[in-house]
Every structure is written in structure tokens, then in C-alpha cells.
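Structural overview
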Amino acid sequence: MAPSHVLKCCQRVLAWVPVVFIALVVAWSYYAYVVELCVFTISSTAEKVVYLVIFHLSFVMFVWSYGKTIFTSPASPSNEFCLSKADKEQYEKEERPESQQEILRRAAKDLPIYTTTASRAIRYCDRCQLIKPDRCHHCSACDICVLKMDHHCPWVNNCVGFSNYKFFLLFLMYSLLYCLFVAATVLQYFIKFWTLCRRKAAENCPKNELPDTHAKFHVLFLFFVAAMFFISILSLFSYHCWLVGKNRSTIETFRAPTFRNGPDKNGFSLGCSKNLREVFGDEKKYWLLPIFTSLGDGCNFPTRLVIMDPEQVTVSSQNEPAKSSGANQPFPPTRPLSESQNRLLASDSQWVESGPEDENVKSGFCNAFCA
């Protein structure tokens, strides 16, 4: 059997195959549109100029956002979530899960953690040897824990998470616009080439027909490819727009995060407007640019106050009694929200301050559901 490092190298090389395929398709589409369509097929100079200007704008934004999605490294938890050397050695020596959980409770008591596993245990990654922040998951493909992990995308050969989720959304949007523009502008020439008269007598052919050249095959195939990608990307982009509105990741859609009072699929939802700002930032002038403007640090997220009945949709923060540390709340967070998160909660949310033996409850009155 080949050494494990050779297998890993082969896997890394093969992982770039989908990216290379997309790059080749995009490069060919550029040649087919600019050279075969605009240079060799379109006769009107004004039409050429308009098409080329709009095409290059959409092409640049598409390639820019795609490159940022690929080459932005997934954000990982900071060192504060790693166990100390003493705790790590003690954790590895313990064989009973109860004792291991007690070690994790002590290590996590000052961390901004609000979610647990389904069995109410602290979320710990044995592979990375760290306590997982909220919304953090281990990616088996990247072999690291990724902050606010959404999914591992083979088409970008990267994990989509906190550090590049905005870039991924813009990549979907600009690729959608790119395919739509190409398909819409190529359509009339697609029809003309498709109905091209093959009769030898030129006088019997309609005047609006185009010469039967090699450009015909590029234009015909370009329309099919653009239309096919547009349809496939449209459903994916619509789905992620819905996720942003609900402030959920793909993982959280299939498995709701568990808070101290049970699973709550809307636990991180602050309302459509604030959910959008959490991903794209406060300044709208940067929303359409593939530059990082997301709010927060990826480790700590503002949440709705999780109520006792997970099925109930009303939220009440003032009536939630502060409880002492115990089995139901093994690691009361004490860290205040960051400045950007305070801006998100604004007038809709507040802190419930309590004594040294009570927990500080992060809560917010907000629109939990989107229209």
C-alpha cells in the first residue's frame, strides 16, 4: 500500500479537478463571447461596445468573487478555545466521559459558548483538541475546525464558513448574472445560427441569416452552457438567500443547534435586516464588493433568548430568571458582546446582568422569523 502522505497528496491534487474544470469553462466562455461572437459575428459597432463593456464588468466581478472564495483560508478558533497543557493531559488520562466533561466545563466556564451537543455535553473536537465555539464544526476534508461552517464546496476546493461566506454568496450572484447576460445576448444569434439556411442558392436564404462559419458552434454551445449553469445556480443561490434571511448555515438547517433549553433552529436569528448585516456588514457601499465586511469574530454570535419550550415562538428576555451553574448550564458565558454585535442588537436587545454566582444571559428582542 502506498504511504499515507502519498495518498494525501493525490487527494489534494484531485480536489483541484472541479476548480480547473470551472476555470477552463470560464476561459472558453470568454473566448467564445469576446472573439467568436463580438468580433466575428456581430456587425454593429455600437452593439459590440455595449456588449463588451457589460460583459467585462460582470466577468471581472465573477472572477474576483470566485477567486476570493477559493483562496480565503477558513477561519479557525483562536488559542483560547484550546485546552491548556495540564487540562489536555488530564483529559487524555481520564476514561470516564463524566470526568472528561467536568474538565471541559472548567476550561469553558469563561468562554462565550451557548450551544451544546444533543446530549447536553460540551462540544469538543478530539482531532483539533479544542472546545468548539458556537456554530463551529470540524471539516473532514480540510481536517480543521471551521468557524461558522456552512459546508465544504468541491467547486471551490475550500470550506465555506465565516471568513468567506460573503464571497461565496457574491460568487453565486455574479455567476448567475454572468450566465444570464451571456444567455440573453447570445439568444438572438443562437436562433439565427440554429435556423441557418443550408441551401446552396444564396438568393433563396433570408437576409437576416448569418454565414455558416466555425463561430456557429461556439455560439450554439455557449448558449446551452450559460442556460444550464444559470438554472443550476439559481436554485443554489435562492437557497442561500433564504439561509441568510434566517441566519442559518446549511449544517444548522439539517441539525438545529442545541441551547440550554433544547434545540432551536432560529436561535441565532435576529430578523432579516440584522441577519443580512451580520453577513454583509453595516456599510451598504461594500455589500456588492468581494471584500470582508462581516460583523463579529466568528467565535461569538448574538442570539435570541432560547425559551423553555422550543416550539414556542415568542421571546421574553426580562422574565427569564438567572440560574446558577448546574447540569443544564455547565458553562455560563461571562464575556460581553463585541462592538459590532452590540450594533446588531441595538435597541432590540439587552443584557441581563446578575451576581457572581449567576449567569449572564445574552438575549435579544427581535424578529425571529422572516417573511
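Residues numbered from 1 in each chain as written. Predicted model: local features only at pLDDT ≥ 70, side-chain atom pairs only at ≥ 80, totals over all residues. Heavy atoms only, no water.

1. As for the packing of helix α3 (residues 45-71) against helix α6 (residues 165-194)
Contact geometry for α3 and α6: axes closest at 8 Å, N-to-C directions at 155°. Here α3 is positioned roughly antiparallel relative to α6, judged by the angle of their axes. Handedness of the α3/α6 crossing: left-handed. Between α3 and α6, the contacting residues are Glu47, Tyr51, Ile54, Phe55, Ser58, Phe59, Met61, Phe62, Ser65, Tyr66, Lys68 and Thr69 on the first element and Phe167, Phe168, Leu170, Phe171, Tyr174, Ser175, Tyr178, Phe181, Val182, Thr185, Gln188 and Tyr189 on the second. Class assignment of the residues belonging to the contact of α3 with α6 gives a composition of 16 nonpolar, six polar and two charged. (Axes fitted to C-alpha atoms, helices over the stretch in contact; angles between N-to-C directions. Helix = DSSP H or I, 4+ residues; strand = E, 2+ residues; numbered from the N terminus. Parallel < 35°, antiparallel > 145°, perpendicular 65-115°, else oblique. Left-handed = near helix turned anticlockwise from the far one by under 90°. Contact = heavy atoms within 4.5 Å. Nonpolar A, V, L, I, M, F, W, Y, C, P; charged D, E, K, R; others polar.)

2. Digging into the nonpolar core
Within the largest apolar cluster, 48 residues are counted, with the highest numbers of intra-cluster contacts made by Tyr33, Phe55, Tyr165, Val182 and Val186. For this core, the elements supplying multiple residues, two or more each, are α2 (17-39), α3, α6, α7 (215-246) and α9 (272-280). Looking at this core, the element that brings in the most residues is α6, giving 17 residues. Val182 has contacts with Tyr33, Phe55, Leu222 and Ala226, leaving out every residue within four places of it along the chain. Counting residues in each nonpolar core, the second largest holds 23 residues, with Leu83, Tyr91, Leu104 and Cys299 among its members. (Core = buried A, V, L, I, M, F, W, Y, C linked by side-chain atoms within 4.5 Å. Buried < 20%, exposed > 50% of the residue type's maximum accessible area, 1.4 Å probe, protein only.)

3. A word on the pattern of salt bridges
Overall, the coordinates contain seven salt bridges when judged by the stated rule. Across the pair Arg105 and Glu102 runs a salt bridge, and its minimum N-O distance is 3.1 Å. Taken together, the positions of Arg105 and Glu102, both in helix α5 (residues 97-108) and three residues apart, correspond to about one turn of that helix. Since its relative accessible area comes to 38%, Glu102 is described here as partly exposed. (Salt bridge = Lys/Arg side-chain N within 4 Å of Asp/Glu carboxyl O.)

4. Examining the confidence of the model for the chain
Where the model shows low pLDDT, its predicted coordinates should not be examined in detail. Looking at the chain, the pLDDT average stands at 81 and 77% of residues meet or exceed 70. Segment residues 197-203: pLDDT under 50, and seven contacts once partners within four positions in sequence are set aside and those in other chains are kept. (pLDDT = per-residue confidence, 0-100.)

5. Concerning unusual backbone geometry
Phi is positive for Arg120, close to 70°, though the residue is something other than glycine. Inspection of the secondary structure assignment puts Arg120 in the loop between α5 and β1 (124-125). According to the relative accessible area criterion, Arg120 is partly exposed, its value standing at 33%. The phi angle at Lys148 is positive, at roughly 45°, despite the residue not being glycine. Relative to the assigned elements, Lys148 resides in the loop between β4 (144-146) and β5 (151-153). According to the relative accessible area criterion, Lys148 is buried, its value standing at 11%.

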